[in-house]
Amino acid sequence: MTVQMLIEAWRAMGANRLRTFLTMLGMVIGVGAVVLMLAIGQGAQYSVSQSISSMGSNLFIILSGSSTSGGLRMGLGATPTLTVADAQALSELPEMSAVAPVVPGVAQVVYGSNNWSTQVFGTTPAYLTVRNWTIAQGYPFADSDVRSATRVAMIGQTVAQNLFGNEDPVNKTIRIKQSPYLVVGLLSAKGQSLDGRDQDDTILIPVTTAQRKLFGTQFQGTVRFIMAQAVSAQMMPAAEREMNALLRQRHHVREGADSDFTVRNLTALVNTAAQATRVMSILLGAIASISLLVGGIGIMNIMLVSVTERTREIGIRVAIGARQRDILMQFLMEAIIISIVGCTAGVVLGVGGAAAANHFADITVVITGGSILQAFMVAACVGIFFGFYPARKAARLKPIEALRYQ
Amino acid sequence: MDPIIRIEGLHKEYETDAGPVPVLKGIDLTIDPGEFVAIMGPSGSGKSTFMNILGCLDVPTRGKYILNGRDVGTLNSDQLAHLRNEVIGFVFQGFNLLPRANLEDNVSLPLVYGDVQKSERIARANDMLEKVGLAKYAKSLPNQISGGQQQRVAIARALVNRPKLILADEPTGNLDTRTSGEIMSLFRQLNESDGITVVLVTHEPDIATYAKRLVKFLDGSLIYDGEVSEART
Ligand SMILES: Nc1ncnc2c1ncn2[C@@H]1O[C@H](COP(=O)(O)OP(=O)(O)O)[C@@H](O)[C@H]1O
Ligand SMILES: [Mg+2]
């Protein structure tokens, strides 16, 4: 019975190929759009969550300067007021698990005949803990290196690639701004940051070395910013309060006056970014779903025309013994076949489109079996939903009126 | 023997914009198994309306209709569908074959709704095509054969489920005289050798002579019921 129905549905659809094709096209485009948009949306969410976890968790950044200072708007970090000693003091708070001062800069690095311009961070070993970063080869420099401002460096994967190629960089000497530095460790790969920068294009050196030897500055002993990690997510509010209080005390800020530093909750910031990505991917999906809906309405439209055209055929079938549900199933089957075939083609189109977006536009896409299954289910439901009304209309035709229809 | 058709006080009115129009005005008729009945009457006298009610395609406004021992008025649409499938074979003036299905598929269609297995459907459809002399066209489409041949296919389709009753509304209306004769001989053979009850409508007296009993309609009423030969004189 079912096989026979499939054959008949196929035959009926074959009788008007162009129309069947156009009806299907609506489905193909709808499903294709949904699959593509889901792939792009999930891809965006994936890369955001990747860079969030590569950033480290429960993070604060403390910048020099206030967001408004004395009525004059200052750029954050403009006048350095933070010191290595501030970082040291913060790290002793019970809410903090690690705190690292950072003196950033850009420098030309040379090894043998290779040279590379990269970002150099003067910091402490705690930076690795804060950023949840590990050493792939060798060792991190030690606190004693910071104390005595030795010329040692940990280098990122991109720097290693460009300077050393396949050579092992550990225990080699590179030159940063002409001075020799011993590479003690190779950092593990971290990938892109949230704003799309390559985090592996970095060299870490002791903060004191950076201050005294690499980047001479007019503000002796200061650092550009401090990165701090709270012991847990629950401790974040308390940590923020305590850090503010401690730094205000250390900087002798009077009661009621603006701070000369700013504590920012980085984790909250990136969560906002993640939230925005989620909203974007939902929006993409919603827009794509509208095209699926339009495809469904197309099916309904054509099915209604088809029922009218085949009224006489329905009459004949009823006269020789078809029950209402036989007629219902016959038309429903056609709608479902159109949906399923259209959906399959749509999935192919969507996956192809996603692959093309990835290949040509370098967009991260994520295609899961779940999203394809979802597209299939939706398409089948669309077929049943929009096919049902015309099919029921066919099934409820009075036999004698259907037979008399010219 | 119980009658296959028993009709008492049957009325049919059509609802029109100008109010209800009575088309059948109190028909009483009993037909026994194995009869061959011709229905005649002028155009518009209600013959087709009557046949549609006999075939359970339409319902009377009033009156009783017992088909094969069952009171049709008490059946739901699924039961009516079952009755049409099992008891009745229809032959229409316009053949009413499915244009896109080949002859074999057309003939086997009632078996599809009777839930018969595919292999048996094909075998029985071909038996029936053989019986009406069209076995070699099994894979042809209806528009590839003549009108007379199409009506034979329609008869094969009516017969395939081994019905007790064949209803034919002007089956020769679209056919020439010679082809009409062949179709009527086929009905007669089905009636005589297979014992199938045949009720057919015609407006040609020559066609009516193939039947054994004649019923005449005039203006929604039954005005004659008797031997075919007596009616001619
Ligand atoms: N669906 C309908 N609605 C209204 N009047 C109808 C309908 N069908 C048939 N009639 C009328 O009923 C009468 C009988 O029609 P019909 O049974 O087809 O007659 P016959 O087959 O004897 O020519 C005619 O006057 C016809 O106009
Ligand atoms: Mg008529």
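All values reported here derive from a predicted model rather than from experimental measurement.

The topology assignment puts Val 21 of chain B in strand 2 (residues 19-31). Setting aside chain neighbours within four positions, we find Val 21 of chain B in contact with Lys 12, Glu 13, Tyr 14 and Thr 16 of chain B.

Time to look at the domain arrangement of chain A. By the assigned domains, chain A splits into domain 1 (2-51 + 272-404) and domain 2 (80-259). Relative to domain 2 of chain A, the C-alpha centre of domain 1 of chain A lies at a distance of 55 Å.

All names here are of chain A. Taken together, the side chains of Leu 18, Phe 21, Leu 22, Leu 25 and Ile 29 present a nonpolar region at the surface, about 490 Å² in accessible area. One can find Leu 22 in helix 2 (residues 17-55). Residue classification places Leu 22 among the partly exposed residues on the basis of a relative accessible area of 49%.

Residues and elements named next belong to chain B. Sheet architecture is open: 4 strands sit in the order 2-1-4-5, paired in antiparallel fashion. Looking at strand neighbours, the two that pair on one side only are strand 2 and strand 5 (70-71), the edges of this open sheet. As paired strands, strand 1 (residues 5-16) and strand 4 (residues 62-67) are joined by 5 bridges and run antiparallel to one another. From the neighbouring strand, Ile 7 faces strand 4, where its bridge partner is Tyr 65. Running at roughly 120 degrees to strand 1, helix 1 (residues 47-54) makes contact with strand 1, strand 2 and strand 4 of the sheet.

Residue and element names in this part refer to chain B. Sheet topology note: the strand 1/strand 2 ladder contains 10 bridges and is antiparallel. Across the sheet, residue Ile 7 finds its bridge partner in strand 2, namely Leu 29. Where strand 1 hands over to strand 2, the hairpin turn is made up of 2 residues, counted between the paired strands.

On to the nonpolar core. Where a protein is soluble and globular, its nonpolar side chains tend to be buried together. Core analysis: the biggest nonpolar cluster contains 76 residues, and Val 31 of chain A together with Ile 5, Phe 50, Leu 54, Tyr 65, Leu 67 and Val 199 of chain B have the highest contact counts within it. When residues of this core are assigned to their parent elements, the largest contribution, 10 residues, is made by helix 11 (residues 324-360) of chain A. If you look at the next biggest cluster of nonpolar residues, it comprises 65 residues, including Leu 90, Leu 93, Val 109 and Tyr 127 of chain A.

Our focus in this paragraph is unusual backbone geometry. Positive phi is not limited to glycine here, since Lys 177 of chain A has a value of about 45 degrees. Following the sequence through the fold, Lys 177 of chain A ends up in the loop between strand 7 (173-176) and strand 8 (179-187). Under the relative-accessibility criterion, Lys 177 of chain A is labelled partly exposed at 39%. With a phi angle near 65 degrees, Phe 95 of chain B is a residue other than glycine that sits in the positive phi range. If you trace the backbone, Phe 95 of chain B turns up in the loop between strand 6 (88-91) and helix 3 (103-113). Overall, Phe 95 of chain B belongs to the buried group, its relative accessible area being 10%.

As a further point, take the pairing of strand 6 (residues 152-155) of chain A. Residue and element names in this part refer to chain A. Burial along strand 6 is two-sided: the face carrying Val 152 and Met 154 and the face carrying Ala 153 and Ile 155 are both buried. Across 4 bridges, the pairing between strand 6 and strand 8 is parallel. Pairing of Ala 153 across the sheet is with Val 183, part of strand 8. Two strands pair when backbone bridges link them, and strand 6 and strand 9 (residues 202-206) are joined in this way by 2 bridges, in the antiparallel orientation. Bridge assignment links Met 154 to a residue of strand 9, and that residue is Leu 204.

Residues and elements named next belong to chain A. Structurally, His 251 is set in the loop between helix 8 (236-250) and strand 12 (261-265). Remark: the alpha-carbon pair of His 251 and Val 263, spanning 12 residues in sequence, is separated by 14 Å. Not counting the four nearest positions on each side in its chain, His 251 is found in contact with Thr 81, Leu 82, Asp 86, Asp 260 and Phe 261.

The next thing to look at is the sheet that holds strand 7 (residues 165-169) of chain B. Either a parallel or an antiparallel arrangement is found when strands of a sheet pair, and the pairing is made through backbone hydrogen bonds. Residue and element names in this part refer to chain B. Pairing is mixed in the open sheet, where 6 strands are placed in the order 6-7-8-3-9-10. Whereas interior strands pair on both sides, the edge strands pair on one side only; in this sheet they are strand 6 and strand 10 (221-227). Across the sheet, the mean angle from the axis of one strand to that of its neighbour is 15 degrees, orientation sign disregarded. Where strand 9 (residues 213-218) meets strand 10, 6 bridges bridge the pair, whose relative direction is antiparallel.

Within the structure, ligand 1 sits among Arg 404 of chain A together with Tyr 14, Thr 16, Val 23, Pro 42, Ser 43, Gly 44, Ser 45, Gly 46, Lys 47, Ser 48 and Thr 49 of chain B. More than a single chain frames ligand 1: its nearby residues are located in chains A and B. One nitrogen or oxygen atom from the side chain of Thr 49 of chain B is found 2.5 Å from an oxygen atom belonging to ligand 1. The fraction of the free accessible surface of ligand 1 (560 Å²) that becomes covered by protein chains is 63%. Of all the secondary structure elements, the ones that give two or more residues to the shell around ligand 1 are strand 1 and helix 1 of chain B. When residues in the shell around ligand 1 are grouped by element, the largest group, 3 residues, is from helix 1 of chain B.

The rules we used
- Residues numbered from 1 in each chain as written.
- Chains lettered and ligands numbered in written order.
- Predicted model: local features only at pLDDT ≥ 70, side-chain atom pairs only at ≥ 80, totals over all residues.
- Heavy atoms only, no water.
- Helix = DSSP H or I, 4+ residues; strand = E, 2+ residues; numbered from the N terminus.
- Contact = heavy atoms within 4.5 Å.
- Domains from an automatic or database assignment.
- Patch = residues over 30% accessible without salt bridge, like charges linked within 9 Å, V, L, I, M, F, W, Y side chains within 5 Å.
- Areas by Shrake-Rupley, 256 points an atom, 1.4 Å probe, with all protein chains shown as cover.
- Salt bridge = Lys/Arg side-chain N within 4 Å of Asp/Glu carboxyl O.
- Buried < 20%, exposed > 50% of the residue type's maximum accessible area, 1.4 Å probe, protein only.
- Pairing = 2+ DSSP bridges.
- Axes fitted to C-alpha atoms, helices over the stretch in contact; angles between N-to-C directions.
- Core = buried A, V, L, I, M, F, W, Y, C linked by side-chain atoms within 4.5 Å.
- Near = heavy atom within 4 Å.
- Polar contact = N/O pair within 3.5 Å; in protein donor to acceptor, adjacent residues only side chain to side chain.

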